[in-house]
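# A look at the structure
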Amino acid sequence: MTPDELSVVRQRLEAFAAEVFAPLSRSDQRVKGVTYLRGLLLDGRRKSMQPMAERLGVDHQGLQQFVTTSTWDTAAVRARLAARAVELIEPVAWAIDDTGFPKDGTGSPGVARQYSGTLGKVANCQIGVSVHAVTDTASCPLDWRLFLPESWDVTKAGPAAVKAAKAQQRKRLTNAPRAAAPAAPTAVEVDVEAVTEAARRRRSKSAVPQGEGHRPKWMLAIEMIDGLAGHGLRPPLVAADSGYGDSGPFRAALDERDIAYNVQVKGETLAHPADATPAPRAPSGRGRPPSRTRPDYPYDALSVAQHIQNAGRAVTVTVSWREGSKGTLTSQFVFLRVRPAGHRITPDPDGSLPERWLIAEWPDDQPEPVTYWLSSQPADTTPADLIRTAKIRWRIEHDYRELKTGLGLDHFEGRSWTGWHRHVTLVTAAHLFITMLRHDPKADAPA
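Each chain has its residues counted from 1, following the order in which its sequence is written. Side-chain atom pairs in this predicted model are given and counted only at pLDDT of 80 or more, local residue features only at pLDDT of at least 70, and totals for whole chains, interfaces and linings cover all residues. Only hydrogens and water are removed before side-chain values are computed, so all heavy atoms of the structure are retained for them.

Any carboxyl oxygen of Asp or Glu within 4 Å of a side-chain nitrogen of Lys or Arg constitutes a salt bridge here. Taken as a whole and assessed by the stated rule, the structure comprises 21 salt bridges. With a closest N to O distance of 2.7 Å, Arg-393 and Asp-97 form a salt bridge. Taken together, the positions of Arg-393 in the loop between α13 (383-391) and α14 (394-405) and Asp-97 in strand β1 (residues 93-102) put the pair 296 residues apart, joining distant regions of the chain. A salt bridge links Arg-145 to Asp-143; the shortest N-O distance between them is 3.2 Å. Residue Asp-143 is classed as buried on the basis of its relative accessible area, which comes to 10%. We count a stretch as a helix when DSSP gives it H or I for four or more residues in a row; a strand needs E for two or more, and each element gets its number in order from the N terminus. Remark: exposure states derive from per-residue accessible area (1.4 Å probe, protein chains only) relative to the maximum for the residue type, with buried under 20%, exposed over 50%, and partly exposed in between.

A separate point is the side chain of Thr-196. Looking at the element boundaries, Thr-196 is found in helix α8 (residues 192-206). Assessed through its relative accessible area of 15%, Thr-196 is described here as buried. Two residues form a contact once any of their heavy atoms are found within 4.5 Å. Filtering out sequence-adjacent residues up to four positions away, Thr-196 remains in contact with Val-154 and Gly-158.

A separate point is the nonpolar core. Among buried residues, those of type Ala, Val, Leu, Ile, Met, Phe, Trp, Tyr and Cys that are joined through side-chain atoms within 4.5 Å constitute a nonpolar core. Ranked by internal contacts, the top residues of the largest apolar core, which has 87 residues, are Phe-16, Leu-37, Ile-96 and Phe-250. Looking at this core, the element that brings in the most residues is helix α15 (residues 417-439), giving 12 residues. Apart from residues no more than four positions distant in its own chain, Phe-16 is found in contact with Leu-37, Leu-81, Arg-84, Ala-429, Leu-432, Phe-433 and Met-436. Counting 13 residues, the second largest nonpolar core, distinct from the first, contains Val-304, Ala-305, Leu-358 and Trp-362.

Aromatic pairing here means that ring centres of Phe, Tyr or Trp (its six-membered ring) are within 6.5 Å. Orientation follows from the plane angle: under 30 degrees is stacked, over 60 is edge-to-face, and everything else is tilted. The full count for this structure, using the stated rule, is 9 aromatic pairs. Geometrically, the ring pair formed by Phe-101 and Trp-420 is edge-to-face, given 5.7 Å between the ring centres and 75° between the ring planes. With a gap of 319 residues between them, Phe-101 in strand β1 and Trp-420 in helix α15 connect regions that are remote in the sequence. Residue Phe-101 is classed as buried on the basis of its relative accessible area of 2%. Taking relative accessible area as the criterion, Trp-420 reaches 3% and is therefore assigned buried. Taking 6.3 Å as the distance between ring centres and 40° as the angle between the ring planes, the aromatic pair formed by Phe-333 and Phe-335 counts as tilted. Summarising the burial analysis for this pair, Phe-333 and Phe-335 share the class buried. The cationic tip of Arg-202 hangs over the ring face of Trp-152; the distance from NZ or CZ to the ring centre is 5.2 Å. Two thresholds decide whether a charge sits over a ring: the Lys NZ or Arg CZ must be within 6 Å of the ring centre and within 35 degrees of the ring normal.

In this structure, Leu-374 sits in strand β12 (residues 371-375). Leu-374 sits in the buried class, given a relative accessible area of 0%. Spatially, the C-alpha atom of Leu-374 lies 22 Å from that of Asp-296, the residues being 78 residues apart in sequence. Leave out the neighbours within four places in its chain, and Leu-374 touches Arg-251, Tyr-261, Asn-262, Val-263, Val-265, Thr-269, Val-338, Pro-340, Trp-357 and Leu-358.

Here strand β3 (residues 121-134) lies mainly inside the structure; 11 of its 14 residues are buried. When DSSP finds at least two bridges between two strands, those strands are taken to pair. One ladder, built from 10 bridges, connects β1 with β3; its direction is antiparallel. Within β3, the residue paired with Gly-100 across the bridge is Ile-127. Sheet topology places strand β2 (residues 112-116) next to β3; 5 bridges connect them, and they run antiparallel. Along β3, the bridge assignment pairs Tyr-115 with Val-122. The loop that links β2 with its antiparallel partner β3 comprises 4 residues; one of these, Gly-120, has a positive phi angle of about 75°.

Below is the structure:
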C-alpha cells in the first residue's frame, strides 16, 4: 500500500491489531505490533527491520527488540489469527506445503544445503512448513513450523554426517573412469564428536529450544493440525503435494483423526484393486503354521501408474474445476477405486486395506498421465468435487508469492528461532488484514 492508502484504513488496522494482539500483556508491545504491521503493509522492496523503520520514521532497534527479545507468545496470536481466518474464509480444505528461504550464511536456525521445491534445487536455505485455509477464491496461513535438518539435531547430526560421507564415497566410486581399476572402499572417517558439538553451538547461538529437533515435514504438519484442533479448529479436508501424500504414515495419521484428504502421490505408489481380498496365509513349510496369522493379499500390489494404464484412456472423464486467467480450466481424468498398499500401511485385523479414490490427470495431448492423487473422500463423491479438492492447493502458491513479494515473508535477517517465528506470525497477520479488505465490499482502499 502507499502511505495514502494505508492512512485511509488506519483505524481498521488498529482495530484489527487490538483484537489479534490482545494476548500481549503490555501496551508498548501492542503499539509495536501495529507499527510492524504498518511496515509490512507499506510499499517497499525490503521488509527487514531497518528499511521498514526508515519508511515509518521510527527507531529500528525498537522493532528489533519487539521481534527478537521482547516477551510475547506467538502461539496465542496465531490462534487468534487462525480462528479469524477460518471464520472469514470458510475454507473447503486446509492445504499443507512448505517453502524455502534462501540464506547466504550458516547462522540462521535450520539453514542447510537442502532441497527446496520453491527454488527447484538444492540450495542453502531454511524450510518453513505451513497450513493454509483455502477456497477457490481466498486463502490464508493458519500456522507455521520451521523445519530442522538432521545437522541441527545433536542426537542425529553425527550419524547423518557419517551417512552423507558414505554416500559421497559411493558416488565417487560410481563416477570413477571405467578404465581405472575399481578402488576398494575405505573406511569413512567423520569426527562425530566435532559434528555434534558444532550442532550444539549453532543451536545455542540461534536459541533453538531444547525440545526441538529433526522431525519429518509431514510430522510437523500433523502437529499443527493437532495444535489447531486444541483451539476448536478442524479441517474439512486436507490437500497436499506428493512430498506429504507419498508418506503412508502421514495418510494414516489423517485416517486416525478421521480427517478426509486428497493428496498427490507419485506413480510408483503401490495399490491393490478395490475388489482384491486378503486370503489366509499358507503354512510356512512341513506343516508348520504360518509365521503370521493375519490374512494377506495373495497377489503383489501394482503401481498406481500401472492401474491407470490397465484401465486405459477410454475411461477418461472430462472435468472442469475453476476459472483461470485464460478461461475455464478443463482436463481429462481417470477415477478408480483402489486399496493403497506398502510396508508402512497397517491393514485392518482381517487383513483388508481401506478403499480409496485413485485419480489421474491424463490430458488428451499427453501420452501418459501427468499427475496422480489418492483421496479418502466418500465413494459417492462426484468427479467434479474430487478434482476441485485435488486442485485446490494452487492457492498456496498464490499465498507464498504474495507473502514473499508483497509482505516480506523471506526478508527477515535475524538469526534467532524466536525472531523467525515472530516475523512469520506478523506477516500472517498482515496477510489476513489484506484478505479482510478484499472480502469487504465496503473496503475504503485497494489491497
